[in-house]
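A closer look at the structure
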Amino acid sequence: MHERLAVGVELAAGEFTSGEHETTGVARVVRVAGGRRVLTLSGFATSPGPDLRVRLAPDGGTDGSAAGVTDLGALKGNRGDQQYELPATLGVRGRRS
């Protein structure tokens, strides 16, 4: 028997902390239709810059160039809500709201 996955379920969430760029907002991993997962940035704002990327660091790391980082591609904008598809093979751990 197949277990039905709930859609729109928040799996993990956390607030941004500023590093090299002042950054605010909330990042959430959400399971959507078909079991896909997306990274959703809400209330997001950061300073503009060349070649800004969305990268997920393992084990709570903050170094976007460290080993094991997953690059989700170019930042869609330095302000506003946005979503990024997560690879099916990516494990997700984190604080739930």
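Figured I'd write up the structure that's included with this text. (Residues numbered from 1 in each chain as written. Predicted model: local features only at pLDDT ≥ 70, side-chain atom pairs only at ≥ 80, totals over all residues. Heavy atoms only, no water.)

To continue, consider the pattern of salt bridges. Pairs can form between side chains of opposite charge whenever their charged atoms are close. Within this structure, the stated rule accounts for 5 salt bridges. The closest approach of N and O atoms between Arg53 and Asp51, which form a salt bridge, is 4.0 Å. Residues joined by salt bridges that share partners form a network here, namely Asp51, Arg53, Arg55 and Asp71. (Salt bridge = Lys/Arg side-chain N within 4 Å of Asp/Glu carboxyl O.)

With that settled, consider the environment of Gly49. Residue placement: Gly49 occurs in the loop between strand E3 (37–46) and strand E4 (53–56). Its relative accessible area of 34% is what places Gly49 among the partly exposed residues. Taking C-alpha positions, Gly49 is 8.4 Å from Asn78, a pair spaced 29 residues apart along the chain. (Helix = DSSP H or I, 4+ residues; strand = E, 2+ residues; numbered from the N terminus. Buried < 20%, exposed > 50% of the residue type's maximum accessible area, 1.4 Å probe, protein only.)

What follows covers the side chain of Arg37. In this fold, Arg37 is placed in strand E3. This buried residue, Arg37, is left without a salt bridge; Glu85 holds the nearest opposite charge, at 7.9 Å. At a separation of 2.8 Å, a polar atom in the side chain of Arg37 contacts the main-chain carbonyl oxygen of Pro87. Those residues in contact with Arg37 that lie beyond four places of it in its chain are Leu11, Val29, Val30, Arg31, Tyr84, Glu85, Leu86, Pro87, Ala88, Leu90 and Val92. (Lys, Arg positive; Asp, Glu negative; His and termini not counted. Polar contact = N/O pair within 3.5 Å; in protein donor to acceptor, adjacent residues only side chain to side chain. Contact = heavy atoms within 4.5 Å.)

Moving on, we get to unusual backbone geometry. Excluding glycine, residues mostly carry a negative phi; peptide bonds, for their part, are mostly trans. Notably, Asp51 is not glycine yet its phi reads approximately 55°, a positive angle. Relative to the helices and strands, Asp51 is located in the loop between E3 and E4.

So, about the nonpolar core. One finds Leu39, Leu41, Val54, Leu72, Leu75, Tyr84 and Leu86 to be the most contacted residues of the largest nonpolar core, which totals 13 residues. Contributing elements (two or more residues each) for this core: strand E2 (23–31) and E3. With 3 residues, the single largest contributor to this core is E3. With residues near it in sequence (within four places) discarded, Tyr84 still touches Arg37, Val38, Leu39, Leu41, Val54, Leu72, Ala74, Leu75 and Lys76. (Core = buried A, V, L, I, M, F, W, Y, C linked by side-chain atoms within 4.5 Å.)

Our next topic: the sheet that holds E3. Strand order in the open sheet formed by 4 strands is E1-E2-E3-E6, with antiparallel pairing between adjacent strands. With partners counted over all chains shown, the strands left at the sheet margins are strand E1 (9–15) and strand E6 (82–85), one partner each. Along the sheet, successive strands turn relative to each other by an average axial angle of 20°, direction set aside. (Pairing = 2+ DSSP bridges. Axes fitted to C-alpha atoms, helices over the stretch in contact; angles between N-to-C directions.)

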